[in-house]
Amino acid sequence: MELFSRSWTALRAAVAELPDQDFAQPSGCTGWLVRDLVCHLIIDAQDVLITLVTPTEKEPTRDALTYWNVVETPTGDDPLDALIVRLATAYEQPELLKIHLDDVGSAAGRAAELADPDIRVSTQDQALTVADYLAAYVMEWTLHHLDLIAYLPDAPEPPTESLSRAREMLEKIAGSPFPASWSDKNTLLIGTGRRPPTAAEQAELGELTTKLPFALG
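So, here's what we can say about the structure. Nothing here was measured: the structure is a model prediction, and the numbers come from that model.

## A short note on the overall build of the chain
1) Next: Looking only at helices and strands, the chain has eight helices and four strands in total.
2) Next: In the chain, the succession of helices and strands from N to C terminus is α-α-β-α-α-β-β-α-α-α-α-β.
3) Next: Its C-alpha atoms give the chain a radius of gyration of 17 Å, near enough to 17 Å, the size a compact globule of 217 residues would have.
4) Next: Overall size of the chain, expressed as C-alpha extent along the three principal axes, is 45 × 45 × 30 Å.
5) Next: The contacts of the chain with a sequence gap of at least 6 include a subset with a gap of at least 24, amounting to 71%.

## Points about the state of the cysteines
By definition, a disulfide links the sulfur atoms of two cysteine residues through a covalent bond.
1) Next: The tally for this structure, following the rule as stated, stands at zero disulfides.
2) Next: Distance from the sulfur of Cys 29, which forms no disulfide, to the nearest cysteine sulfur (Cys 39) is 12 Å.
3) Next: Judged by relative accessible area, which is 2%, Cys 39 ranks as buried.

## Examining the pattern of salt bridges
1) Next: A complete count under the given rule lists 11 salt bridges for this structure.
2) Next: With a closest N to O distance of 2.7 Å, Arg 6 and Glu 161 form a salt bridge. Placement of the pair is Arg 6 in helix H1 (residues 2–16) and Glu 161 in helix H6 (residues 160–174), with a sequence separation of 155 residues.
3) Next: The exposure class of Arg 6 is partly exposed, given its relative accessible area of 34%.
4) Next: The salt bridge partner of Glu 168 is Arg 165, with a shortest N-O separation of 2.9 Å. With a gap of three residues between them, Glu 168 and Arg 165 both fall in helix H6, about one helical turn apart.
5) Next: Sharing partners across several salt bridges, the network here consists of Glu 2, Arg 6 and Glu 161.

## Details of the side chain of Asp 147
1) Next: Here Asp 147 lies in helix H5 (residues 130–148).
2) Next: Among the residues examined, Asp 147 registers a relative accessible area of 1% and is labelled buried.
3) Next: Excluding residues that lie within four positions of it along the chain, Asp 147 makes contacts with Ser 27, Gly 28, Cys 29, Leu 37 and Arg 194.

## Notes on the pairing of strand E2 (residues 120–123)
1) Next: With burial as the criterion, only one face of E2 is covered, namely that bearing Val 121 and Thr 123; the residues Arg 120 and Ser 122 on the opposite face remain uncovered.
2) Next: Across four bridges, the pairing between E2 and strand E3 (residues 126–129) is antiparallel. Paired with Thr 123 across the strands is Gln 126, a residue of E3.
3) Next: Counting the residues in the hairpin turn of E2 and E3 gives two residues, including Gln 124, whose phi is positive at 50°.

Definitions and limits used
- Numbering of residues starts from 1 in each chain and follows the order in which that chain's sequence is written.
- Where local features are concerned, this predicted model is filtered to residues with pLDDT of at least 70; where side-chain atom pairs are given and counted, the filter is 80 or more; whole-chain, interface and lining totals use all residues.
- Side-chain calculation: all heavy atoms of the structure are included, whereas hydrogens and water are not.
- Here a strand is any run of E in DSSP of at least two residues, a helix any run of H or I of at least four, and the numbering for each starts at the N terminus.
- Between the two quantities, the radius of gyration covers C-alpha atoms and the globule rule is 2.2 Å times the number of residues to the power 0.38.
- Whether two residues touch is decided by their heavy atoms; if any such pair falls within 4.5 Å, the residues are in contact.
- By definition, disulfides here are pairs of cysteine sulfur atoms that lie within 2.5 Å.
- With a 1.4 Å probe rolled over the protein chains alone, any residue whose accessible area is under 20% of its type maximum counts as buried; one over 50% counts as exposed, and the rest are partly exposed.
- Between Lys or Arg on one side and Asp or Glu on the other, a salt bridge is scored when a side-chain nitrogen of the former is within 4 Å of a carboxyl oxygen of the latter.
- When DSSP finds two or more bridges between two strands, those strands count as paired.

Here it is in structure tokens:
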């Protein structure tokens, strides 16, 4: 739960520090600008708030790893993706996006800190403990932090421990370790299809290359 807070705080701080012009830059999410990604983060924060106040008596059906499904690589053509773009445009000014993310994001962060880790909650018709739910979101925050800074070389990167934990989770989902020589950042970018491996990297992957990418949804 501490790593959830650390990764979420770092991502929100990175958004808060962006100059207005960066909101019009592309993000690491296909078809989305930075402003679209920030709008998505607002909805993510709302989802966290909703889930943490949706207790269930059901036995857990998912944990921090099985929360994630390996899906088709996003193309940007999904209707929900298009809706995010329209919502982001409606904000008109980057400052409005920043304010909304700060308000809802801070509330989500406080709710996570106050939540009982052993309580079971329901989301997407699944049940899992608060601890597993928040642990799963370390992956969400870390990957979207990388998406945020994909074309912003001066923006701060995710916390080292968040990158390490997200890599560990991805390797468990993949059922195989990635090359030890790879950085956590490159492992996440290549492993989730955010950038293709170079010829040298592909050679290091061996049989794992046939399973890529592990797009998570």
